[in-house]
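Notes for the structure review
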Amino acid sequence: MLRYGRIGGGLVALALLAGLVAATPASAARSAALAGNVLTYPTAGGTAVAVNDVIQASLKTGTNATFYNSTSGTTGIKCAASSFSAKVLTNPIAPGTATESLTAQSFGTCTTNVFGTTGVQSVALNNLPYATSVTSAGVVKISGTTAAPVQSTVVLNSLLGTITCVYRTSTNSLTGAAANATNSITFTNQPFTKFSGPSLCFGTAYFSATYSPVRDSTKGNVAVYVN
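Criteria and thresholds
Residues numbered from 1 in each chain as written. Predicted model: local features only at pLDDT ≥ 70, side-chain atom pairs only at ≥ 80, totals over all residues. Heavy atoms only, no water. Disulfide = S-S within 2.5 Å. Helix = DSSP H or I, 4+ residues; strand = E, 2+ residues; numbered from the N terminus. Buried < 20%, exposed > 50% of the residue type's maximum accessible area, 1.4 Å probe, protein only. Contact = heavy atoms within 4.5 Å. Salt bridge = Lys/Arg side-chain N within 4 Å of Asp/Glu carboxyl O. Pairing = 2+ DSSP bridges.

- Going by the annotation in an unreviewed UniProt entry, the name recorded for the protein is Tat pathway signal sequence domain protein, with Micromonospora saelicesensis given as the source organism.

Now the structure itself:
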């Protein structure tokens, strides 16, 4: 995922999306000097997060997960609720790359302002689980496979009935960044290209969301850091 600061508890992110974590290079360098493992709790350089522990997070309070038709616009879909859950697969000595499996991603309380649409039935990230990596440099990458690509399905109500928009990423991946200082994971304008759907579906939907705090639910929701 990303560089966890005090990272705590969930696409497309789309996610559709979305387990996901990273941090700034300067912060990463300071934490690496302290760290034993890439992922630690309840402080940077603290106890190693165990393999099979579950990391979870929901949207930062007061923010939305958005799927807009441009990187600077506000036309599209926004969801006031979203959360993810990921299982830790490996957690090597820092500096290095930890791996996780993104097992669940949900979106809820979604609204649309797309012309011709009247409501959102559902937003879902398909083909889970996804492989996820978290580097000591603070880069989080979520990856699909040829058989199970990173894909999001949006079902909307329209003046002409129900429409279904299916999106995939051109790189079969999503990239985010995390900050230890705010226990957050942020995805910014991650592009999803329309795979199928009528003309009301955007050709490209840009996904943005900040998840905070990110925490180890197996250890009683302690904050997780990236080193």
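Topic: the state of the cysteines
- Throughout the structure, instances matching the rule amount to 2 disulfides.
- Linked covalently through their sulfurs, Cys79 and Cys110 form a disulfide whose S-S length is 2.1 Å. The S-S bond linking Cys79 to Cys110 shows a torsion near 105 degrees; that makes this disulfide right-handed. Taken together, the residues span a long stretch of sequence, with Cys79 in strand E5 (residues 76-90) and Cys110 in strand E6 (residues 97-112) at a distance of 31 residues.
- A relative accessible area of 17% means that Cys110 is categorised as buried.
- Between the sulfur atoms of Cys165 and its disulfide mate Cys201 the distance is 2.0 Å.

Quick look at the environment of Ala65
- With respect to the helices and strands, the residue Ala65 is situated in strand E4 (residues 65-68).
- The spacing of Ala65 and Cys79 is 14 residues in sequence and 5.1 Å in space, taken between C-alpha atoms.
- The residues contacting Ala65, other than those within four sequence positions of it, are Leu59, Ile77, Lys78, Cys79, Ser82, Phe107, Phe207, Ser208 and Ala209.

Topic: the pattern of salt bridges
- In this structure the tally under the stated criterion is 1 salt bridge.
- Measuring nitrogen to oxygen at the nearest pair gives 2.6 Å for the salt bridge that ties Lys219 to Asp53. Of this pair, Lys219 sits in the loop between strand E15 (215-216) and strand E16 (222-223) while Asp53 sits in the loop between strand E2 (47-48) and strand E3 (54-58), placing them 166 residues apart in sequence.

A few points about the pairing of E4
- Across the two faces of E4 the burial is the same, with Ala65 and Phe67 and Thr66 and Tyr68 all buried.
- Relative to E5, E4 runs antiparallel, the two being bridged by 4 bridges. When the bridges of E5 are listed, Tyr68 appears paired with Gly76.
- Where E4 and strand E14 (residues 204-211) come together, 3 bridges link them in antiparallel fashion. When the sheet's bridge partners are listed, Thr66 is paired in E14 with Ser208.

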